[in-house]
Amino acid sequence: MSENVALSRRKMIKGAGALALGAAAGLAPISKATAARGKAPRWAFIVDLRRCTGCRTCTVACKAEMNTPLGAFRAAVYDQVVGTFPKTEKHFLPRLCNHCEGNKEDGIPPCIKDCPEYPKDRRQFITPEGKKIRYRGGATYKRPDGMVLYENELCTGCGKCIKACPYGARSWDKLLISGKDSTKNGIAKCTFCQHRVDNGVVPSCVNMCPQKARIFGDLNDPNSQVSKLVKEFGLLENRDKNTLLPKENTVPMLFYIDPRGALMKMANARKKFEKEEAWVDQIT
Amino acid sequence: MKRDISRRDLIKLGAASAAVMATGKVGGSSALAGTVDLAAGGKDFSPQTGAERKMIPSACWSCVTRDSMIGFVEDGRLVKLEGNPNSIRGRGKICSKGASGINQLYDPDRILYPMKRVGKRGEGKWKRISWDEALTDLAARLKKLRDEGHPEKFMFHYGRMKASSSKIIKSVFLANYGTKTIGNHTSICEGAKWTAQELTWGKHYDNWDFDNTKFVLNFGSGVLEAHTNHIPTCQRLGDAMVDRGVKMYTFDVRLSNTAAKSTEWLPVKPGTDGAIALAMCNVIMQAGLYDKEFFKFIRATKDPNASTAAKVAALKSHLAQYTPEWAEKVSTVPAAKIKSLALEFAKTKPACVISYRGAVAHYHGADTERAVQMLAAITGNIDNPGGRCRAVGAKWKYPKGPKKKPKAKALKIAQGFPGTIAYPTHGANHQVLKMIKDGRAGRPEVYMWYCYTPVYANGECQENIDILKDESLIPFTVCVNAYYDESAALADMILPNPSYLEWWDYEDMVSPTQVPEYYIRQPLVKPLGESRDFKDVVCDLANRMGFPLGFNSAEEFVKMSCEKTPAVKAAGGFEYMKKHGVYHDPKAKPKYYGYKKAVKPDALKKDGVIFDKATGVYWNWHKSKAKSEAEAKEKGYTKTKNAYKGYIGQEIGGKVYAGFKPDKVNKSGYFEVYSELLEMKKFPALPSYVPIPEHKKMSANDLILTTYKVPVHIHSRSANCKWLTEIYHDNPAMINTRTAKRLGIKDGDKIKVKSEAGEITTTANVTEAVVPGVVAISHHVGHWEYGRYASGKKSPLAAGDDSDFKLKWWTKKGVHPNWIIPNKPDPISGQQRWMDTVVKVRKA
Amino acid sequence: MGNTEKAQRMAVARQRSNIYGLLASVYRQEVTADLLHQVKDPQFLGVLSDLGLQLASDFFQKPEEELLSDLAVEYARLFLGPGKHVSPHESVQHQKGDGQGGLLWGESTAEVKRFIESTGLSYNSEYTGLPDHISVELEFMQQLTLREEQAWREEDEDGALDCLRTERKFIEEHLIRWVPFFCDKVTREAELPFYREMAALTKNFIEFEREEVEGYAGDLK
């Protein structure tokens, strides 16, 4: 079991279950190439819009994995009809936390920057090889492998991170009481299924996607599928076209393979992907 | 009562309670056994201790695809469902509906005990009864009918009942009871497609070989979002399109997700897909792009022995009337597009033409499917790698029950009104209630339905309610269900079935790889409450009526089947299947071109085998209803009842081939583009376009109502899944912007949609994603029962019932279109005509 | 602790056990003829009346068979369905922040089951209900208090206090978190006075218990 973060015991157990699944059922585990280097992985999430059919298996897989209450979504899909009949198009855009790297200057994503409970403690990230990397923890924080996480025990329920995220990727968890203020709710967001990833299996939505439209892996591993796709589609060079709200300078680690220009078309139509929008997965 | 209890009260109450309890029999059996062990008490009760996840392979049942899956069980509680990675069909995947199955298992509105109605039918007053009471009552009613010589007055009507469920309930229990008054739901699904395939290549189902195809033409299938073999096919199609650049063109009334992901969406007027397919056939024949080799196996003329040249000439001549220009006028799809697609389809080998309800749920829908089959056949894309293949599924052997079965009888109410449907090979069950009301074909005394909701799933909901409610028409109604739906509300007795996550089955759904996969469904948890698998219940009923079936539970049946089925037995039988869930022979080769196999001469020499000159069919008359060889020969293969059951092979050019073996009708072993059977019933023998009569009489402002499915719901049975209903709970009517403008309707307006069957009030979704002249309404929501999430009833009882329900943020529940869709059949197949109702739409 | 006090506590444990037993039988199944006879007993009605329970006497004037049938229909309407009903299961009613609220066999069901089994009790194999049905939770308390009484009788003070600790824990972690809330709904929805008043009594009793058990267990650490 990873010592990388103070997981709740419940989640650790679920993670162990996921591990058992990976081993017994022969699921493709995340590449272990990083183990050879003692470097933290650099997780990236790619959504292949060529493959996404808007089926919502990811949305439901996430609800099932995380017990997300009604009204909140850590993973959602947006539909958008564009164009004029008969040249009408419909596009699907799966959404989740961008797990931003943060801007070039300080490397801190906006949600973490605004958290009053960050930075707090000092922590160690242990690489698969056993090398220790120090980093700062808090109610919300970023691990050396790039995961932007939160810890309800340290959360005061102030909601600043929700406001700070330009994508609206964070929301209140109305069934969760914040760890430090029992009058407030805690927050919910995508964790890249850290409890699974730390145990060597891909996030639940990635595992469940029938079309393999969601790909997760380590950019530090040149043989990983994400590395190959990043290279093939020039995703790192073309962040302005392949990520959401590039002007916000948050440097997302969530990329879209988008040969039909769906991001642009959706943005032009109606969807702004901004925090004012409630994240509600709706088929219209 | 007063607010507080005092200590004095406590003592008094305690003493009084003691007196009550002292009799020792007031309170029923206690739930707990043993005594409190102080050594064990007062310790850490943390819920975290020892929680381990068990993985149990099983199979989904949300839709008919029935994917293999794995359930994760923690503390005896199912916590998650995922695909089974070892399945060659699903390759470790399930869909959103499958993943939500857990919502069904633990639906707080589940029925956990047998219930009996009190008061009038449909009044909503119920009393719990024990299983013994329920089955004593039911067995007495059924036994009486049987003893009186009228077992057919017990009608059993199912929605989904496949593989071992079908075998246990239908082939063993009902057969031994003696009723053939059995209804299904195929006519409200895809009956026209099935009948058409039976008329052409014999079997009802097809597999689309996306792994090997290079081009896909799609007539009205939502293959990427809601197909009958969804997960296995959709992922392979996705791979084909993205990894290999395979193009797909989709004809649909609506920009479905499938249409949206296609190379191009070709909007089409409802009910005109057949015109396009015929025009394409015409283009291909004229261009000489047909597959000469396959023509050998095609019957295209009255004369089965016609030469390929004669067949080609006959088709060319018949198709000449269907020019692309004509098809453009009929369908609105540009003639140039029809032409270019026809040529591309014919030139790209292999190519796959697919079709589903969009194409067939119409008047003459079966003919549309025949035209599509012709398109595949003339280009040689039949049963070949990359084409449209005959389905391959597991072939289980199973215990068949008592050897001596009574001669079963049937009320003729499941095939539509006499003389109105040519070949209702899968029934016209949306007309069952109408026929019961009519009464001329008799009425059941006991009407039982299983995994079916006659009220909601068919058209004309109000009529369904009125008939089902009428105790003078149907004296006794029994519903087998885990949930209280619109039909359960009209039952006299409810038998609580478990959810599919709590029962046994062996499974056999079609494999996309043409290699059969054997798999099972096993309980992930024990059935909740007193719910009891209906398959176990029929064993009990049979025992009570004095004809034991030879097994006492579904588990025993599945176990026996595992041992009887050679491939499964060799793999390790029941124990192997429980552990792995799935089995396929790793050395098996995909099955293609079965029709080309030569029939061994020995098979033709067996007793009873005769040659039918008129068709070129070798058949064994013993297996038909003919009484003598002379009679069989005189009537001939085509006209002898059940002759198809004796089919051996087809003679073509002096050789006898396995051919396209018939399944439900006396077709020859040819791929019958020319259908003598239809000709006998006064329908065109070659696939033809017959316009929808009602559409010819439409006035300028009339629209055509069509229905559709969304990716996150099953037809009628998933609205109790909160994760799905949260995503899709409202179904505003899609109307094209131009049409809406003409009618003075704006997006979000309340509108009234009126047909000959009734009127609904719904909301307009003014959009560019549907063809003009159409109103498209999905058919999953608009429930008025089926639990708190489906019915939208914020009743005082349900309100605040639980923490998550309080967060239910939506208030809409949609409007069911079936209220206004008449229950009318396609005259060839009996298919319910979902997609061609003429309506008037106006602002409310 | 003096002998008088011990005797008193033993008596209280016995009374509480009886009440839990009675209430468990109210929710366990439809009212039986035996229970109806007992409830109709003037002495019992008198006690209830002292408590302010308004069991309209005319209600009991109906012929017994009709009365039992009415009560069975009401029981189904309130606790079984089909259709709308007030689910008598903790996992459906429990206001817990785990997102699993509102489903049968939730995490709290597993917790209740484990709690009960950790005391050495087990579920009867004939029992067909769910582990967190209200009648089971009440029966569990009946058993615990019975065991406490036995401990007092055997002058096993530590054992008795052990029981009290367990009782307190179960009330705090389970009963008090959902039963009053559940009873309110039953009170609101009941059409017959029997269930309306029994639900009110249940609620008051559980709330009384929560306060009192603190007192009984006051000397516990």
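Quantities reported herein were computed from a predicted structural model and do not represent experimental measurements.

Observations concerning the overall build of chain C
A count of helical and extended segments in chain C gives nine helices and one strand. Listing each helix as α and each strand as β along chain C from the N terminus yields α-α-α-α-α-α-β-α-α-α. In terms of overall size, chain C behaves like a compact globule, its C-alpha atoms giving a radius of gyration of 18 Å where 221 residues would be expected to give roughly 17 Å. Projecting the C-alpha coordinates of chain C onto the three principal axes gives extents of approximately 50 × 45 × 30 Å.

Some details on the overall build of chain A
The helix and strand tally for chain A stands at nine helices and eleven strands. The burial tally for chain A puts 61% of its 284 residues in the buried class. Just so you have it, chain A exposes about 11,300 Å², and 53% of that area is on carbon and sulfur atoms.

Observations regarding helix 12 (residues 324-331) of chain B
Residues and elements named next belong to chain B. Those residues of helix 12 that fall on the buried side of the exposure criterion are P324, A327, V330 and S331. Looking down the long axis of helix 12, one finds its buried residues gathered within 115° of arc, a one-sided arrangement. Just beyond helix 12, the residue with positive phi is T332, at close to 75°.

Here we look at the environment of B:T767
Looking at the element boundaries, B:T767 is found in strand 30 (residues 758-767). Through-space distance from the C-alpha of B:T767 to that of B:D747 is 8.0 Å; in sequence the pair is 20 residues apart.

Quick word on the sheet that holds strand 1 (residues 43-48) of chain A
Residues and elements named next belong to chain A. Strands sit in the order 10-1-11 across an open sheet of three strands; the sheet is mixed. One side of each edge strand has no neighbouring strand; the edge strands of this open sheet are strand 10 (214-218) and strand 11 (254-257). Shown here is a sheet whose adjacent strand axes are inclined to one another by a mean of 25°, direction ignored. As paired elements, strand 1 and strand 11 share four bridges and run parallel to each other. Note that in strand 11 the partner of V47 across the bridge is Y256. Helix-sheet contacts for helix 7 (residues 225-232) involve strand 1, strand 10 and strand 11, and the interaxial angle to strand 10 is about 105°.

A closer look at the packing of aromatic side chains
Residue and element names in this part refer to chain B. The full count for this structure, using the stated rule, is 61 aromatic pairs over all chains. Judged by centre distance (5.9 Å) and plane angle (70°), the rings of F294 and F671 are edge-to-face. In this pair, F294 sits in helix 10 (residues 292-295) while F671 sits in strand 26 (residues 671-672), placing the two residues 377 residues apart along the sequence. As far as burial versus exposure is concerned, F294 and F671 are alike and both buried. Between F297 and Y595, the aromatic rings sit 4.8 Å apart at their centres with planes inclined by 75°, giving edge-to-face as the arrangement. With a gap of 298 residues between them, F297 in the loop between helix 10 and strand 13 (298-299) and Y595 in the loop between strand 21 (582-583) and helix 23 (601-604) connect regions that are remote in the sequence. Y595 gets classed as buried once you look at its relative accessible area, which sits at 3%. Counting every residue linked through ring pairs, the aromatic cluster contains W201, F294, F297, Y593, Y595, Y657, F660 and F671. A cation over a ring is seen here: K596 above Y593, with NZ or CZ 4.3 Å from the ring centre.

Observations regarding the pattern of salt bridges
All names here are of chain B. Applying the stated criterion to the full structure yields 91 salt bridges over all chains. In this structure, D438 engages R440 in a salt bridge whose closest nitrogen and oxygen atoms are separated by 2.9 Å. For D438, a relative accessible area of 32% corresponds to the partly exposed category. On the accessibility criterion, R440 (71% relative accessible area) is exposed.

Digging into the sheet that holds strand 4 (residues 77-83) of chain B
Residue and element names in this part refer to chain B. With antiparallel pairing, the three strands of this open sheet are ordered in space as 2-3-4. The sheet is open, and its two borders are formed by strand 2 (53-59) and strand 4, each paired with just one other strand. Going across the sheet, the axis of each strand differs from the next one's by a mean of 30°, ignoring polarity. Strand direction decides the pairing type here: strand 2 and strand 3 (residues 68-74), joined by seven bridges, are antiparallel.

Brief notes about the interface of chain C and chain B
Taken together, the contact pairs 92 residues of chain C with 79 residues of chain B. Across the chain C to chain B interface the summed buried area is about 7,500 Å²; carbon plus sulfur atoms make up 62%. The tally of links between chain C and chain B comes to four salt bridges. In this structure, C:D50 engages B:K12 in a salt bridge whose closest nitrogen and oxygen atoms are separated by 2.8 Å. The interface formed by chain C and chain B includes 16 residue pairs in polar contact (both at pLDDT 80 or more). Its residues assigned to classes, the side of chain C that touches chain B shows 37 nonpolar, 34 polar and 21 charged.

Looking at the confidence of the model for chain C
On average, chain C scores 89 in pLDDT, and the residues at 70 or more come to 94%. No element of chain C has a lower mean pLDDT than helix 3 (residues 42-50) of chain C, which averages 83, and none a higher one than helix 7 (residues 134-153) of chain C, which averages 96.

Regarding helix 7 of chain C
Residues and elements named next belong to chain C. Between its first and last C-alpha atoms helix 7 spans 29 Å; for 20 residues at 1.5 Å apiece the expected length is 28 Å, and the two agree. Among the 20 residues in helix 7, 17 count as buried, and that is most of the element. Following helix 7 by one or two positions, E155 has its phi on the positive side, about 55°.

Focus on the packing of helix 20 (residues 554-564) of chain B against helix 22 (residues 573-580) of chain B
Angle between the axes and distance between the axes: these two values describe a pair of packed helices. All names here are of chain B. At a closest axis distance of 7 Å, the pairing of helix 20 and helix 22 adopts a crossing angle of 110°. The angle between the axes of helix 20 and helix 22 places the two elements in the roughly perpendicular class. Residues E555, V558, K559, C562 and E563 of helix 20 touch helix 22, and the partners they reach there are G573, F574 and M577. Across the contact of helix 20 with helix 22, the residue classes break down as four nonpolar, one polar and three charged.

A few points about a positive patch on the surface
All names here are of chain B. Where like charges cluster on the molecular surface, the positive patch consists of K203, K395, K591, K597, K600, K606, K623, K661 and K664. Here K661 shows up in the loop between strand 25 (655-657) and strand 26. We classify K661 as partly exposed; its relative accessible area is 45%.

Overview of the pairing of strand 11 (residues 247-252) of chain B
Residue and element names in this part refer to chain B. Where burial is concerned, most of strand 11 is hidden: five out of the six residues are buried. In this sheet, strand 11 lies alongside strand 10 (residues 215-219) in parallel orientation, the contact comprising five bridges. Paired with F215 across the two strands is K247, which belongs to strand 11. Following the chain from strand 10 across helix 7 (residues 230-243) to the adjacent parallel strand 11, one finds a crossover that is right-handed. One ladder, built from four bridges, connects strand 11 with strand 12 (residues 264-267); its direction is parallel. The partner of D252 across the bridge, within strand 12, is P267.

Observations regarding the pairing of strand 24 (residues 647-652) of chain B
On any regular strand, side chains alternate: one points to one face of the sheet, the next to the other face. All names here are of chain B. Judged from the three bridges that link them, strand 23 (residues 617-620) and strand 24 form a sheet pairing that is antiparallel. Looking at strand 24, one finds that Y618 is bridged to G649. Alignment of strand 24 against strand 25, held across three bridges, turns out to be antiparallel. Bridging across to strand 25, I652 finds its partner in K655. Two successive antiparallel strands, strand 24 and strand 25, enclose a turn made up of two residues, where G653 displays a positive phi of approximately 55°.

With respect to the environment of B:K214
Residues and elements named next belong to chain B. Note that K214 resides in the loop between strand 9 (206-208) and strand 10. Given the relative accessible area of 48%, K214 is considered partly exposed. Once the C-alpha coordinates of K214 and G124 are considered, the two residues, 90 residues apart in sequence, prove to be 56 Å apart. Contact partners of K214, with chain neighbours within four places excluded, come to V246, K247, T348, K349 and P350.

Some words on the environment of C:L161
In this structure, C:L161 sits in helix 8 (residues 157-189). A relative accessible area of 10% places C:L161 in the buried class.

Section: the confidence of the model for chain A
Confidence in the prediction of chain A, expressed as mean pLDDT, is 86, and 84% of residues score 70 or more. Confidence drops under pLDDT 50 across residues 1-28 of chain A; counting only partners more than four residues distant or on other chains, this segment forms 58 contacts.

Some points on the packing of helix 8 of chain C against helix 9 (residues 193-216) of chain C
Residue and element names in this part refer to chain C. Across the interface, helix 8 lies against helix 9 with an axial gap of 9 Å and an inter-helix angle of 155°. Taken as axis vectors, helix 8 and helix 9 run roughly antiparallel relative to one another. The chirality of how helix 8 crosses helix 9 is left-handed.

Here is what the cut-offs are and how they apply
- Residues numbered from 1 in each chain as written.
- Chains lettered and ligands numbered in written order.
- Predicted model: local features only at pLDDT ≥ 70, side-chain atom pairs only at ≥ 80, totals over all residues.
- Heavy atoms only, no water.
- Helix = DSSP H or I, 4+ residues; strand = E, 2+ residues; numbered from the N terminus.
- Rg over C-alpha atoms; globule rule 2.2 N^0.38 Å.
- Buried < 20%, exposed > 50% of the residue type's maximum accessible area, 1.4 Å probe, protein only.
- Areas by Shrake-Rupley, 256 points an atom, 1.4 Å probe, with all protein chains shown as cover.
- Arc of directions from axis to C-beta.
- Pairing = 2+ DSSP bridges.
- Axes fitted to C-alpha atoms, helices over the stretch in contact; angles between N-to-C directions.
- Contact = heavy atoms within 4.5 Å.
- Phe/Tyr/Trp six-rings, centres within 6.5 Å; stacked < 30°, edge-to-face > 60°.
- Lys NZ or Arg CZ within 6 Å of the ring centre and 35° of its normal.
- Salt bridge = Lys/Arg side-chain N within 4 Å of Asp/Glu carboxyl O.
- Buried area = accessible area lost by both parts, 1.4 Å probe.
- Polar contact = N/O pair within 3.5 Å; in protein donor to acceptor, adjacent residues only side chain to side chain.
- Nonpolar A, V, L, I, M, F, W, Y, C, P; charged D, E, K, R; others polar.
- pLDDT = per-residue confidence, 0-100.
- Expected span 1.5 Å × (residues − 1).
- Parallel < 35°, antiparallel > 145°, perpendicular 65-115°, else oblique.
- Patch = residues over 30% accessible without salt bridge, like charges linked within 9 Å, V, L, I, M, F, W, Y side chains within 5 Å.
- Lys, Arg positive; Asp, Glu negative; His and termini not counted.
- Charge placed at Lys NZ, Arg CZ, Asp CG, Glu CD.
- Right-handed = clockwise from strand over helix to strand, strands pointing away.
- Left-handed = near helix turned anticlockwise from the far one by under 90°.

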